[in-house]
There are 2 protein chains.
Amino acid sequence: MTPENATPDAPAPGTAPDAPAPGTAPDAQRPGGRTARVRAAVLRAAEDALVEVGFAGLDLGDLARRAEVGRTTVYRRWGSTGALMADLLADMAEQSLPRARTGSLRDDLRANARLVARTLADPRQGALFRAVLVAATCDEAAAEALHRFYLVRVAEWAPCVADAVERGELPPDTDPFEVVRAVSAPLYYRMLTTGDPLDEAAADRAADAAEAAARAGAYRRA
Amino acid sequence: MTPENATPDAPAPGTAPDAPAPGTAPDAQRPGGRTARVRAAVLRAAEDALVEVGFAGLDLGDLARRAEVGRTTVYRRWGSTGALMADLLADMAEQSLPRARTGSLRDDLRANARLVARTLADPRQGALFRAVLVAATCDEAAAEALHRFYLVRVAEWAPCVADAVERGELPPDTDPFEVVRAVSAPLYYRMLTTGDPLDEAAADRAADAAEAAARAGAYRRA
DNA sequence: CCGTTAACGGGACTCTTGTTCCGTTAAGAT
DNA sequence: ATCTTAACGGAACAAGAGTCCCGTTAACGG
């Protein structure tokens, strides 16, 4: 993500050397300094470009210019915008913020809802998330990366719900993942299908609705 | 939508004649027979193409070939894929199915949830909806058309909730639109962020959760 | 039925996107 | 320090998307 402090051993996705001869060595090539620097610069440029022109307007040639990298390099290493998005999502998944621990289900869910709403409402982050969602509907690899990304995020917050179950606030067979998803869902739906703003009121309503439904047992397993 | 039985007076969106001279007549040109036929053929072709290659892979030249229409015509009348999607969405908005009237809030909401789930799970309809959502995040005109589309759909089902309020099943100041949206939201969220199937169980859970939250007063106004 | 002109359609043209070729640079091993 | 070669980058090339020009077709008004 960030240019310099990227993990230097970050491996490119499924990439073959220049001439992918049929009998080449299996894997693990040369991920050191320069390669990592190029990757970081391109991913950073991709973020900028996504915010400005969205996924549909993404052009690998333009990316190369922004990242001050050879056009050929970008085409060779990622090949398609979808593959690049998958790589970017893998990078994003490593930056989840830690969940809240207020001790109250209501406040934990509200904290989550407000975080999501703030993220989606933020000009840069919001545009980035929309672009990434778009990419996932266009490219299979990006879709898988996106699913992993949300799995990581939801798993981070699920313990809030599990703790509430433990405390007896919710039915014992409540599915924590479903409750966390129920908090985000209305916010994403609103962003996509209406032009209404994602303010704190909307966030709190989403959290409270999820909590009420969970208490009523709407998210019990099987 | 369908090739032949399209309304013959369907107007193209904001379109100027071949040479948009500054002092031309205001509007309402010549929407008769041929024009309407071309529009229907192109919109139909657009649906097919969206299902096959998605919004990102949409190419106006290819559309012209599919619709057996001059390439120039497509570029002139719509100009961009976004404008074409806006036109397609306006067309789709006229085809809402009527809401359920079971007399029970629970069954009405379940009927709505199952309809949404079936639509999104359908190979053709689902792909079309995903493509349209993508278009809305890429193009301002398409976004507005999409908002109108969902407003129409939600308004069709809102009376189910209003009737339940009338019957005393829900708090009197419940916002019917928000309840209807709460039914769809988890289904869209699931489609986008996980690979899980949209089956009847998921639909029923979405409906029941929305109902429980509504009963608890989570969707009261102000 | 006839005239006017909005709208259509073919073909040439341009500019952008993506690929290929090959020489250059620097990572990693000895 | 030196060698090997993975990975980078420039330039030429091919393919395709979008635009322009201008002749043709068919709505709509009289």
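Residues numbered from 1 in each chain as written. Chains lettered and ligands numbered in written order. Predicted model: local features only at pLDDT ≥ 70, side-chain atom pairs only at ≥ 80, totals over all residues. Heavy atoms only, no water.

A count of helical and extended segments in chain A gives nine helices and zero strands. Written out in order from the N terminus, the α and β elements of chain A read α-α-α-α-α-α-α-α-α. At a minimum sequence separation of 6, the contacts of chain A that also span at least 24 residues come to 69%. Summing over all exposed atoms, chain A offers an accessible surface of approximately 10,600 Å²; the carbon and sulfur share of this is 51%. (Helix = DSSP H or I, 4+ residues; strand = E, 2+ residues; numbered from the N terminus. Contact = heavy atoms within 4.5 Å. Areas by Shrake-Rupley, 256 points an atom, 1.4 Å probe, with all protein chains shown as cover.)

Residues and elements named next belong to chain B. The interhelical angle for the contact between helix α4 (residues 81-93) and helix α7 (residues 140-166), taken along N-to-C directions, is 10 degrees, at an axis separation of 8 Å. Taken as axis vectors, α4 and α7 run roughly parallel relative to one another. Counted together, Gly82, Met85, Ala86, Leu89, Met92 and Ala93 of α4 and Ala141, Ala142, Ala145, Leu146, Phe149, Val152 and Arg153 of α7 form the full contact between these two elements. Taken together, the residues that form the contact of α4 with α7 break down as 11 nonpolar, one polar and one charged. (Axes fitted to C-alpha atoms, helices over the stretch in contact; angles between N-to-C directions. Parallel < 35°, antiparallel > 145°, perpendicular 65-115°, else oblique. Nonpolar A, V, L, I, M, F, W, Y, C, P; charged D, E, K, R; others polar.)

This paragraph deals with the relation of the copies chain B and chain A. Structural alignment of chain B on chain A gives an RMSD of 0.1 Å, achieved by rotating through 180 degrees and translating 0.0 Å along the axis. Accordingly, the operation relating the two chain copies is best matched by a two-fold axis. A shared interface surface links the copies, since 97% of the contact residues of chain B are contact residues in chain A too. (Least-squares fit on C-alpha atoms with pLDDT ≥ 70 in both.)

Before going further, it helps to examine the side chain of A:Glu211. With respect to the helices and strands, the residue A:Glu211 is situated in helix α9 (residues 200-215). Not counting the four nearest positions on each side in its chain, A:Glu211 is found in contact with A:Leu105, A:Arg106 and A:Leu109.

Turning our attention to helix α2 (residues 60-67) of chain B. Each α-helix turn comprises 3.6 residues. Residues three or four places apart therefore point the same way. Residue and element names in this part refer to chain B. Regarding α2, the residues found buried are Leu60, Gly61, Leu63, Ala64 and Ala67. Take α2 and look down its axis: the buried residues cluster within an arc of 160 degrees, on one side only. Buried positions along α2 lie against α1 (33-53), α3 (71-77) and α4. Of the residues flanking the start of α2, the one acting as N-cap is aspartate 59, its side-chain oxygen 3.1 Å from the backbone nitrogen of glycine 61. Just downstream of α2, glutamate 68 is the residue with a positive phi angle, here 55 degrees. (Buried < 20%, exposed > 50% of the residue type's maximum accessible area, 1.4 Å probe, protein only. Arc of directions from axis to C-beta. Polar contact = N/O pair within 3.5 Å; in protein donor to acceptor, adjacent residues only side chain to side chain.)

Moving on to the interface of chain B and chain A. Residue-level contacts link 29 residues of chain B with 28 residues of chain A. Carbon and sulfur atoms supply 73% of the area that chain B and chain A bury against each other, a total of about 2,700 Å² over both sides. Its largest share of buried area at the contact with chain A, chain B owes to B:Tyr189, B:Leu192 and B:Arg205, together 24% of the area lost on that side. On inspection of chain B and its partner chain A, the count reaches four salt bridges. Ionic pairing is found between B:Arg205 and A:Glu178, a salt bridge with its closest N-O pair at 3.9 Å. Connecting chain B to chain A are two residue pairs in polar contact (both at pLDDT 80 or more). Sorting the residues of the side of chain B that touches chain A by element identifies α6 (123-138), α7, α8 (176-193) and α9 (200-215) of chain B as the ones contributing at least two each. When residues in the side of chain B that touches chain A are grouped by element, the largest group, 10 residues, is from α8(B). Its residues assigned to classes, the side of chain B that touches chain A comprises 17 nonpolar, six polar and six charged. (Buried area = accessible area lost by both parts, 1.4 Å probe. Salt bridge = Lys/Arg side-chain N within 4 Å of Asp/Glu carboxyl O.)

A word on the environment of A:Val53. Topologically, A:Val53 is positioned in helix α1 (residues 33-53). Taking the C-alpha atoms as reference points, A:Val53 and A:Ala127, separated by 74 residues in sequence, lie 9.2 Å from one another.

All right, on to the confidence of the model for chain A then. Considering every residue of chain A, the mean pLDDT works out to 86; 86% of them sit at 70 or more. The low-confidence segment residues 1-27 of chain A, where pLDDT is below 50, has 25 contacts with residues more than four positions distant or belonging to other chains. (pLDDT = per-residue confidence, 0-100.)

The residue A:Glu68 is not glycine, and still its phi comes out positive at about 55 degrees. One can find A:Glu68 in the loop between α2 (60-67) and α3 (71-77).

What follows concerns the pattern of salt bridges. Where charged atoms from two side chains of opposite charge approach closely, those side chains can pair. All names here are of chain A. Inspection of every chain in the model, using the stated rule, returns 36 salt bridges over all chains. In this structure, arginine 39 and aspartate 91 form a salt bridge, with 3.4 Å as the shortest nitrogen-oxygen distance. Taken as a pair, arginine 39 in helix α1 and aspartate 91 in helix α4 (residues 81-93) lie far apart in primary sequence, 52 residues in all. With a closest N to O distance of 3.4 Å, glutamate 200 and arginine 114 form a salt bridge. One end of the pair, glutamate 200, is in helix α9; the other, arginine 114, is in helix α5 (residues 105-121), and 86 residues separate them in sequence. Using a relative accessible area of 27% as the deciding quantity, one classes arginine 114 as partly exposed. Salt bridges linked by common partners bring Arg110, Arg114, Glu200, Asp204 and Asp208 together as one network.

With that settled, the discussion passes to the packing of aromatic side chains. Scanning all chains against the criterion turns up 10 aromatic pairs over all chains. Look at A:Tyr150 and A:Tyr188: their rings are 5.9 Å apart centre to centre, the planes differ by 75 degrees, and that puts the pair in the edge-to-face class. Here A:Tyr150, found in helix α7 (residues 140-166), pairs with A:Tyr188, found in helix α8 (residues 176-193); they are 38 residues apart in sequence, far enough to count as distant. Take A:Tyr188: its relative accessible area is 6%, and that puts it in the buried class. Through a chain of ring-to-ring contacts, the aromatic side chains of A:Phe129, A:Phe149, A:Tyr150, A:Tyr188 and B:Tyr189 assemble into a single cluster. (Phe/Tyr/Trp six-rings, centres within 6.5 Å; stacked < 30°, edge-to-face > 60°.)

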